[in-house]
Each structure stands twice: as structure tokens, then as C-alpha cells.
Amino acid sequence: MLLEKDTILAHNETRMHRHHQVVAPFRDNFEKFEKIIELLTRFQVAIPSWALGTGGTRFGRFPGKGEPGSLEEKLEDVGLLHQLNCNSGAISLHIPWDIPESPDRIRSQAEALGIRFDAVNSNTFQDQADQALSYKFGSLQHVDKAVRQQAIQHNIEVIEHGKALGSKSLTVWLSDGSCFPGQLNFRKAFQRTLEGLQEIYASLPADWKMFVEYKAFEPNFYSMSVGDWGQSLLYAQKLGPKAFTLVDLGHHLPNANIEQIVSLLLMEGKLGGFHFNDSKYGDDDLTVGSINPYQLFLIFHELVEGMNARGMHHATDLGWMIDASHNVKDPLEDLLQSVEAILIAYTQALLVDAEALSAAQQQNDVALCQELLQEAFRTDVRPIVAEARLRAGGALQPLQLYRESNVRRALTGHRRSGKLATGL
Ligand code: LRH
Ligand code: MN
């Protein structure tokens, strides 16, 4: 369901005067302003196909109404998000939750919506009904070669689905690990996992990337076989130039310095991309920037500094993806807030006076270093983000327009299938 163009124009019209007032101070520094607008307009965040319905926990799930019951309806929802904010021009699929019946039809629907297919995700953390062997004790780490082969074959099939849709990368997150001391030989588990990843890597098309996603715990609670950035980097270095690490913000132990991890992975040329979300305790998959927006800003500060140092193209050289789960919010509202938080953190990072900061670091002027960073973080950059959206044809205030247009009620009206969205 897309909104009428006039609806967006009318929404912007009523807000235009106020917008011009609040954006004017930024416009005065014209050069940097125009550069930032250009970078923001290009910046597209991939929406996870598994987060367009209500998520849950082991304690319960409270499904919302009008949720997408098919891949076609998921694409419609991403199309609407992209129409509203013009920064959601990609979707990341999870296989087998989103196997397209007709890849060509899905591809043309996505094209019509201005949506491209970002990384495809494999799934060897659940047993499917028609599956021969169980992943209870892991997949690529498994002691049984037949189970490992089954997992390798699945990942190769996921690459085939991705190729049919025009995707250019595979994300491998392994839930493999152990729950008790003594359960696993860590060295053998690593070597078996590496062998499996090498077979999958060998099936990658020449222009593809493989993202190795790490996670500190859950569903295993003693060790994970890709448990932190060091292990993921080790795999990526041993696999080859098409392998990279993927940083899911919720996959770290408490108080980990994620921005330093990002800086070093970028320095090594082994940072592949992100699963953005936020968390207070574990892998909470909360709205981006809802708990720790300063950490998100510091991560983007390291990204801008590191990408510029390597002459990287901000919008296309890394994978920008959200990975969230919505237990109490409308999924589309949650995703609109997440994309906004990402664009705000990126814009604040672009405002950092890098030259002055570098000079202050040279002087060990610690207080000035903090002042320079927080000057940018304390700047309300929402008018700049809104200006970029306005120029791209989006809404000045996407969440407000989503609500004013009663989209959820309309979706509830014509999605009476009651079919629940596949995903977590
Ligand atoms: C694991 C994870 C992974 C996905 C899954 C949906 O926690 O972050 O990226 O496959 O969530
Ligand atoms: Mn993730």
C-alpha cells in the first residue's frame, strides 16, 4: 500500500514554513550543508524482511494487525517506508522464511518500488519440517560430517536465491556453540566451521561478499563458535578477500567498546557491514538509538573517520542493515524511528570538525577533544535529515504522516488473511 503523492505534498506543505526556519542556520554553512545533503540522499538502509511483523520472546508474542503474510506484502511495506523517508531502498531476506515463489515477479515488484536486495541470510539455527538432520548440536561445527554437509548445501542454495534476485552478499550467522564446559573441543569446532565456511566461500560468485556475523551468547550460553569480533576476523582473514565481519550492535558483552572494534575492523579492511539495533542488556533487538544514542554517534564517528581515511564510498562500500524485533511497537513505526536514528547519528558524525579534533589529539587536549565531539552530538540535525528527505520526494515527518494516514488501519482492512509474517 503506497500513499498518494498529493498526500505527501500536502503533509510537507503544512510544515514547509517551520522547516525553512529551522534549516536556515545550517544552510548558511552552504558548502558543507550541500555535501551532507548529497551523502544523506545516497544513504540507503536495508530493512530486514523478518522484522515487518511483530516479534516475540520465549515468554510470548502479541501479534499486531495487518501484518504482511507474504514476501509480496513485505515488499509493499518496505516500499511504503521508502516512500516516506527515501532512505529505506533495500530489503534483506532470510531463507527459508522468504523463499520467492517467482524471483522474476518479486524482482520486478521490488524494482517498481525502488527497492534492491541487500544481503541474503542463511538459517541453520532452526530445524525445518522437511530437514533430514537436526542442528541441535550445531551446524558447521557439528561432529557429524553429514550435518555439516547439510548446512553447507543450505548456504549454497541461499546464494542461488540471492543471485536470482540480484543480491550481492551472503550473511552467515551461526548459532553454533556449547552450553556447558567440556561439551565442545573449541579447536576442532573452529576448524570444522572454517572448513564449512571455505566450501560456502568457494560457491560465492566473483562479485559477492560473505559476511561472518559474530555473537557473544544465545542460543548457546557457554561458548559461541563465532563469539566475538576476533573470531569473526580470524575466519574472514583465513577465508579470503571476499569475506568480512558483520557487526550486530546487540551481539557484544556488556560495556564492550563497539566503536573501537569498528575502527580496527575498518583499518584492517575487514568490516563488511552492520545489523543496527539497540540494547540495554542482551541481544534485545530494540529500536536503533532508543537506549544508547551516544554510542551510535561514536560508532558513526569512527566510521566516517575510518572510511574517509581509506577513501571509501560511504553509501555503497559497507552493508547498512537493520536487525530488530518489535515486541510492543508497530513494526513500521519502529523501523521509521530506526532509520531516522541512523541518519541522525551519521549526520552528527559528518559535522565533527575532524581537523580540529586531530589537532587537539596531537596536543593531548582531552577536554577539547570531548567538546569537539559533543558539539556535534549535541547539534539537533533533524532539519538537515528532513531537508534531504524533502529533496528526495519524501515526507518531512514520516512517522507523523504514517499515523495521520492511518496506514495500519488500512492494512488491517485489506490483510484479513490473518496469516502471520514469517520471522522471529
Ligand atoms: C541472530 C541475528 C542474526 C539473524 C537473526 C534473525 O541473533 O542477529 O542476524 O539471522 O538475528
Ligand atoms: Mn543480526
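See the structure shown above.
Computed from a predicted structure; not experimentally measured.

**Topic: the packing of helix H3 (residues 71-85) against helix H4 (residues 103-113)**
No. 1: Axis separation between H3 and H4 bottoms out at 9 Å; the angle between their running directions is 15°. Overall, the two elements H3 and H4 adopt an arrangement that is roughly parallel. In this structure, the crossing between H3 and H4 has a hand that is right-handed. Where H3 abuts H4, its residues Leu71, Glu72, Leu75, Glu76, Gly79 and His82 lie against Arg105, Ile106, Gln109, Ala110 and Leu113.
No. 2: Here the contact of H3 with H4 is built from residues that sort into 5 nonpolar, 3 polar and 3 charged.

**A look at a nonpolar patch on the surface**
No. 1: Judged by side-chain polarity, Phe217, Phe221 and Leu253 come together as a nonpolar surface patch covering roughly 320 Å² of accessible area.
No. 2: By secondary structure assignment, the location of leucine 253 is in the loop between strand E11 (243-248) and helix H8 (258-267).
No. 3: The exposed category is assigned to leucine 253, whose relative accessible area is 53%.

**Some details on the coordination of the manganese ion (ligand 2)**
No. 1: Looking at the manganese ion (ligand 2), the protein donor atoms are Glu213 (OE), Asp248 (OD), His275 (ND1) and Asp323 (OD), and they sit 2.1 to 2.2 Å from it.
No. 2: Taken together, the 6 donor atoms surrounding the manganese ion (ligand 2) define angles of 72 to 170° at the centre, an arrangement classified as octahedral.
No. 3: All donor residues of the manganese ion (ligand 2) come from one chain, and their arrangement in sequence is E-x34-D-x26-H-x47-D. Remark: aspartate 323 occurs in the loop between strand E13 (319-322) and helix H10 (331-351) and histidine 275 occurs in strand E12 (residues 271-276); sequence separation between them is 48 residues. Aspartate 323 carries the same exposure label as histidine 275, and that label is buried.

**Quick look at the site of ligand 1**
No. 1: Residues in contact with ligand 1 amount to 12 residues; listed here are only the nearest, His94, Glu213, Lys215, Asp283 and Asp323.
No. 2: Within the side chain of aspartate 248, one N or O atom sits 3.0 Å away from an oxygen atom of ligand 1.
No. 3: Aspartate 283 places a polar side-chain atom, nitrogen or oxygen, 3.0 Å from an oxygen atom of ligand 1.
No. 4: Out of a free accessible area of 300 Å², ligand 1 has 97% covered by protein chains.
No. 5: For the shell around ligand 1, the class distribution of residues is 4 nonpolar, 3 polar and 5 charged.

**Digging into the pattern of salt bridges**
No. 1: Under the counting rule described, the total for this entry stands at 18 salt bridges.
No. 2: The residue aspartate 77 makes a salt bridge to arginine 415 at a minimum N-O spacing of 2.9 Å. Of the two residues, aspartate 77 sits in helix H3 while arginine 415 sits in the segment after helix H15 (407-414), which places them 338 residues apart along the sequence.
No. 3: Relative accessible area serves as the criterion here: at 1%, aspartate 77 is assigned to the buried category.
No. 4: The exposure class of arginine 415 is buried, given its relative accessible area of 5%.
No. 5: Between glutamate 333 and arginine 403 there is a salt bridge, with its nearest N and O atoms 2.7 Å apart. Of the two residues, glutamate 333 sits in helix H10 while arginine 403 sits in helix H14 (residues 398-404), which places them 70 residues apart along the sequence.

What counts, and at which threshold
- Residues numbered from 1 in each chain as written.
- Chains lettered and ligands numbered in written order.
- Predicted model: local features only at pLDDT ≥ 70, side-chain atom pairs only at ≥ 80, totals over all residues.
- Heavy atoms only, no water.
- Axes fitted to C-alpha atoms, helices over the stretch in contact; angles between N-to-C directions.
- Helix = DSSP H or I, 4+ residues; strand = E, 2+ residues; numbered from the N terminus.
- Parallel < 35°, antiparallel > 145°, perpendicular 65-115°, else oblique.
- Left-handed = near helix turned anticlockwise from the far one by under 90°.
- Contact = heavy atoms within 4.5 Å.
- Nonpolar A, V, L, I, M, F, W, Y, C, P; charged D, E, K, R; others polar.
- Patch = residues over 30% accessible without salt bridge, like charges linked within 9 Å, V, L, I, M, F, W, Y side chains within 5 Å.
- Areas by Shrake-Rupley, 256 points an atom, 1.4 Å probe, with all protein chains shown as cover.
- Salt bridge = Lys/Arg side-chain N within 4 Å of Asp/Glu carboxyl O.
- Buried < 20%, exposed > 50% of the residue type's maximum accessible area, 1.4 Å probe, protein only.
- Donors = N, O, S within 2.8 Å, 3.2 Å for Na, K, Ca; no water.
- Tetrahedral: all angles 85-135°; square planar, octahedral: opposite > 155°, others 65-115°.
- Near = heavy atom within 4 Å.
- Polar contact = N/O pair within 3.5 Å; in protein donor to acceptor, adjacent residues only side chain to side chain.

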